[in-house]
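Residues per chain are reported as follows:
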Amino acid sequence: MTILEQLADYARERTEQGKRKRSLEELKKQALSLPDKKFEFENAIKRPGLSFICECKKASPSRGIIVHDFPYVQIAKEYEAAGAECISVLTEPKWFLGSNEYLKRIAGAVSVPCLRKDFTVDEYMIYEARVLGASAVLLICSILSERQINEYISICDEMGLSALVEAHDEREVTMAVQAGARLIGINNRNLKDFTVDTHNSFRFREMIPGDILFVSESGISTGHDVKKLREIGADAVLIGETLMRAEHKGAKLAGLRGVI
């Protein structure tokens, strides 16, 4: 099995465990009773200029533990103070050492919208994301069908959540567009083997219609990278490891933002 297949299988296992503690019906009722998020995540990205989605991530399958000291709320606040438009929070617990609690506490501590970064395989995870305080969820084409993506976008729409639909190759970009995505992320990382090719965003930029927001994800580490992505019309960049490894994360973000 690929790493991605293992991640997806474990997400299904986690979902079944969650359902035994709290039913889908109960969770859905709670999520739908909360205020509409009014698509604040995608609206933040629509603002003029290139937006930054900054990630709180302790570990990854390819890098192992990235940081041992992980004051995640403090990191999120530092991102917000440095001008991050959105914050991405890893909640996958086994390979990324994430936690639902991280998302809940970060979303409660910052005013910018948060993305639940996880391997969504069931509608349960979408309602769960809303209850935890997320304004957006990640839908990965590699582990979902076009029908599922379309259905999950509809569920998100009920609550004003944004769906960041992630694609890595030509087939997946086509799938994302046909499924009705309003926000497409081109992942420069191949989730099957976790190799990175930063040219991936450039390859598929022209396939994404102008009325769909375009996000470049993974492998972005320098001001030059940011500049090039801005030149091809990226609406946002999602940056994780580069910021997590920086001693002064706010200063690093300010430096990346300063090249624009």
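Remember, predicted model here, so these are calculated numbers, not experimental data.

Any chance you could explain the nonpolar core here in plain terms?
A general feature of soluble globular proteins is that nonpolar side chains tend to end up buried together. Core analysis: the biggest nonpolar cluster contains 91 residues, and Ile45, Phe52, Tyr79, Ile87, Ile106, Leu139 and Ile149 have the highest contact counts within it. Beyond its immediate sequence surroundings of up to four residues, Ile45 is in contact with Ser51, Ile53, Cys86, Leu183, Leu213, Val215, Asp235 and Ala236.

Any chance you could explain the pattern of salt bridges here in plain terms?
As enumerated under the stated definition, the model contains 18 salt bridges in all. Of the charged contacts, one joins Glu241 and Arg63 as a salt bridge, the two residues approaching to 3.4 Å between their closest N and O atoms. Of this pair, Glu241 sits in helix α11 (residues 241–244) while Arg63 sits in the loop between β2 (59–60) and β3 (64–65); the two residues are 178 residues apart in sequence, bridging distant segments of the chain. With relative accessibility at 51%, the residue Arg63 sits in the exposed group. Close ionic contact of Lys227 with Glu231 constitutes a salt bridge, the shortest N to O distance being 2.7 Å.

What am I meant to see in the packing of helix α4 (residues 72–81) against helix α5 (residues 100–109) here?
The relative placement of two packed helices is expressed as an angle between their axes plus a distance between the axes. Remark: α4 packs on α5, axes separated minimally by 9 Å, with the N-to-C direction vectors making an angle of 40°. Here α4 is positioned oblique relative to α5, judged by the angle of their axes. Where α4 crosses over α5, the handedness of that crossing is right-handed. Judged by residue contacts, Tyr72, Val73, Ala76, Lys77 and Glu80 of α4 engage Glu101, Tyr102, Arg105, Ile106 and Ala109 from α5.

Sorry, what's going on with the side chain of Glu128 here?
Mapped onto the secondary structure, Glu128 falls in helix α6 (residues 123–132). With a relative accessible area of 14%, Glu128 lands in the buried category. Apart from residues no more than four positions distant in its own chain, Glu128 is found in contact with Leu27, Asn100 and Arg116.

I keep staring at the pairing of strand β1 (residues 51–56) and nothing clicks. Help me out?
Note on strand geometry: in a regular strand, side chains alternate between the two faces of the sheet. In terms of burial, β1 is largely enclosed, as six of its six residues are buried. Side chains Ser51, Ile53 and Glu55 project from β1 onto one buried face, and the interleaved Phe52, Cys54 and Cys56 project onto a second face that is buried too. Strand direction decides the pairing type here: β1 and strand β10 (residues 236–239), joined by four bridges, are parallel. Counted as the bridge partner of Phe52 is Val237 from β10. Across four bridges, the pairing between β1 and strand β4 (residues 86–90) is parallel. Within β4, the position partnered with Ile53 by the bridge is Cys86.

Cut-offs used in this document
- Residues numbered from 1 in each chain as written.
- Predicted model: local features only at pLDDT ≥ 70, side-chain atom pairs only at ≥ 80, totals over all residues.
- Heavy atoms only, no water.
- Core = buried A, V, L, I, M, F, W, Y, C linked by side-chain atoms within 4.5 Å.
- Buried < 20%, exposed > 50% of the residue type's maximum accessible area, 1.4 Å probe, protein only.
- Contact = heavy atoms within 4.5 Å.
- Salt bridge = Lys/Arg side-chain N within 4 Å of Asp/Glu carboxyl O.
- Helix = DSSP H or I, 4+ residues; strand = E, 2+ residues; numbered from the N terminus.
- Axes fitted to C-alpha atoms, helices over the stretch in contact; angles between N-to-C directions.
- Parallel < 35°, antiparallel > 145°, perpendicular 65-115°, else oblique.
- Left-handed = near helix turned anticlockwise from the far one by under 90°.
- Pairing = 2+ DSSP bridges.

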